[in-house]
Amino acid sequence: MKKTFGIIGAGNIAQAVAGHLLKAGYTVTLSSRKDPALLADTIAALGAGAVAGTPADAAQADIVLLALPWAQLATLPNLTNWDQRLVIDATNHYLTFAPDFQVADLNGRASSEVVREQVPGARLVKAFNTLYFKVLAAAPQESAGKRVLFVSGDHADANAEVAALIESLGFNAVTLGTLAGGSQLQQAKGPLASLNLLKKG
Ligand SMILES: NC(=O)c1ccc[n+]([C@@H]2O[C@H](COP(=O)([O-])OP(=O)(O)OC[C@H]3O[C@@H](n4cnc5c(N)ncnc54)[C@H](OP(=O)(O)O)[C@@H]3O)[C@@H](O)[C@H]2O)c1
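Residues numbered from 1 in each chain as written. Predicted model: local features only at pLDDT ≥ 70, side-chain atom pairs only at ≥ 80, totals over all residues.

A. Region of interest: the overall build of the protein chain. Summing up its helical and strand segments, the protein chain has seven helices and ten strands in all. Expected size for 201 residues packed as a compact globule is a radius of gyration near 17 Å; at 16 Å, the protein chain falls within 12% of this value. The dimensions of the protein chain, computed from C-alpha atoms along their principal axes, are 40 × 40 × 40 Å. The burial tally for the protein chain puts 44% of its 201 residues in the buried class. (Helix = DSSP H or I, 4+ residues; strand = E, 2+ residues; numbered from the N terminus. Rg over C-alpha atoms; globule rule 2.2 N^0.38 Å. Buried ≥ 20, exposed ≤ 12 C-beta atoms within 10 Å, placed from the backbone.)

What follows is the structure, encoded as structure tokens:
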């Protein structure tokens, strides 16, 4: 049976990733702080397979994507028992956006190491966070090659599962390493942030 996806968030990144998952035939529950009924327009626009739920509903899925603002991370711990759940962290640690783009002070830690504390025991993988949402939403395959998405995490099995998922959606997955190592390259203001690469072959 196909795995289910839940997304904590229903905004730009949630919809961009949901679009690819739905095209591949997955069921995706999107969520926000609003009454799920108020997501009706978003769900209708996404089409078959999209469902609205509460964040707690979304957190029950086999694979959970975090696509909420950094300032809201503290709402995550009580949503479910995160132990061993596969969780994909698409967040970036921006506190403000244009024109100043301030990031949280992480004391040298990777942003996903901070996220990991909010989803205790989860198998956390950083992915889907490097591209502007309109680029992420676009078709992953161009004449020059397949768009690259990066993967980092501390659990080899979870990294491999997310990389295989990304490839199955038509992207090229590049696995970088651990949260403390690879994900720092991916995160906001890291060297790979906003890099829109296409890989041939
Ligand atoms: N925009 C980009 O191009 C981009 C690229 C890469 C990564 N990111 C990162 O991805 C994350 C989401 O960005 P976005 O652009 O998608 O933001 P967005 O369009 O503002 O969407 C955020 C979504 O999260 C929901 N939300 C807020 N607080 C929540 C909570 N406590 N529980 C559940 N849902 C909650 C919001 O709905 P309500 O306010 O109604 O609750 C909204 O649906 C951020 O961490 C951002 O830095 C963004």
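B. Region of the structure containing the site of the ligand. In the neighbourhood of the ligand, 25 residues make up the surrounding shell, with Gly9, Gly11, Ser32, Arg33 and Thr91 lying closest. For the shell around the ligand, the element with the highest residue contribution is helix 1 (residues 12-23), accounting for three residues. Residues of the shell around the ligand, tallied by class, amount to 13 nonpolar, ten polar and two charged. (Near = placed C-beta within 6 Å. Nonpolar A, V, L, I, M, F, W, Y, C, P; charged D, E, K, R; others polar.)

C. Structural view of helix 6 (residues 156-168). Its 13 residues give helix 6 an end-to-end C-alpha distance of 18 Å, which sits within 8% of 18 Å, the value for a rise of 1.5 Å per residue. All of the buried residues in helix 6 are Ala158, Asn159, Val162, Ala163, Leu165 and Ile166. For helix 6, the buried positions fall inside an angular range of 160 degrees around the axis, keeping them on one side. Exposed residues pointing more than 90 degrees away from the buried face of helix 6 are listed as Ala156, Asp157, Ala164 and Ser168. In this structure, the buried side of helix 6 is in contact with strand 5 (86-89), strand 6 (123-126), strand 8 (145-153) and strand 9 (172-177). Phi turns positive, to about 105 degrees, at Gly170, one or two residues after helix 6. (Expected span 1.5 Å × (residues − 1). Arc of directions from axis to C-beta. Contact = placed C-beta atoms within 7 Å.)

D. Up close: the nonpolar core. If you look at the biggest cluster of nonpolar residues, it comprises 56 residues, and the most contacted ones within it are Ile7, Val17, Leu30, Leu66, Ala67, Ile88 and Ala127. Ranked by residues supplied to this core, first place goes to helix 1 with six residues. Leaving out residues up to four positions away in the same chain, Val17 has contacts with Ile7, Leu65, Ala67, Ala90 and Phe128. (Core = buried A, V, L, I, M, F, W, Y, C linked by C-beta atoms within 7 Å.)

E. Just helix 1, in detail. Look at helix 1: 17 Å from first C-alpha to last across twelve residues, which is about the 16 Å you get at 1.5 Å a residue. On the buried face of helix 1, the contacting elements are strand 1 (5-8), strand 2 (28-31), helix 2 (40-46), strand 3 (50-53), strand 4 (63-66) and helix 5 (133-137). Backbone geometry just downstream of helix 1 places Gly25 in the positive-phi region, at approximately 95 degrees.

F. Inspection of the pairing of strand 8 at higher detail. Pairing of strand 6 with strand 8 involves two bridges; the strand directions are antiparallel. Of the residues in strand 8, the one forming a bridge with Lys126 is Ser152. Where strand 7 (residues 141-142) meets strand 8, two bridges bridge the pair, whose relative direction is antiparallel. Residue pairing in the sheet places Gln141 in a bridge with Lys146 of strand 8. Between strand 7 and strand 8, which pair antiparallel one after the other, the connecting turn spans two residues. Across two bridges, the pairing between strand 8 and strand 10 (residues 198-199) is antiparallel. By the bridge assignment for strand 10, Arg147 is matched with Leu198. Two elements, strand 8 and strand 9, share five bridges in a ladder whose sense is parallel. (Pairing = 2+ DSSP bridges.)

G. Geometry of unusual backbone geometry. The linkage connecting Ala98 with the following residue, Pro99, adopts the cis geometry, with an omega of 5 degrees. Along the chain, Pro99 falls in the loop between strand 5 and helix 4 (111-116). With a phi angle near 50 degrees, Phe101 is a residue other than glycine that sits in the positive phi range. Structurally, the position occupied by Phe101 is in the loop between strand 5 and helix 4. Taking the C-beta count within 10 Å as the criterion, Phe101 has 12 such neighbours and is therefore assigned exposed.

Fair warning: the whole summary comes from geometry, so function is off the table for now.
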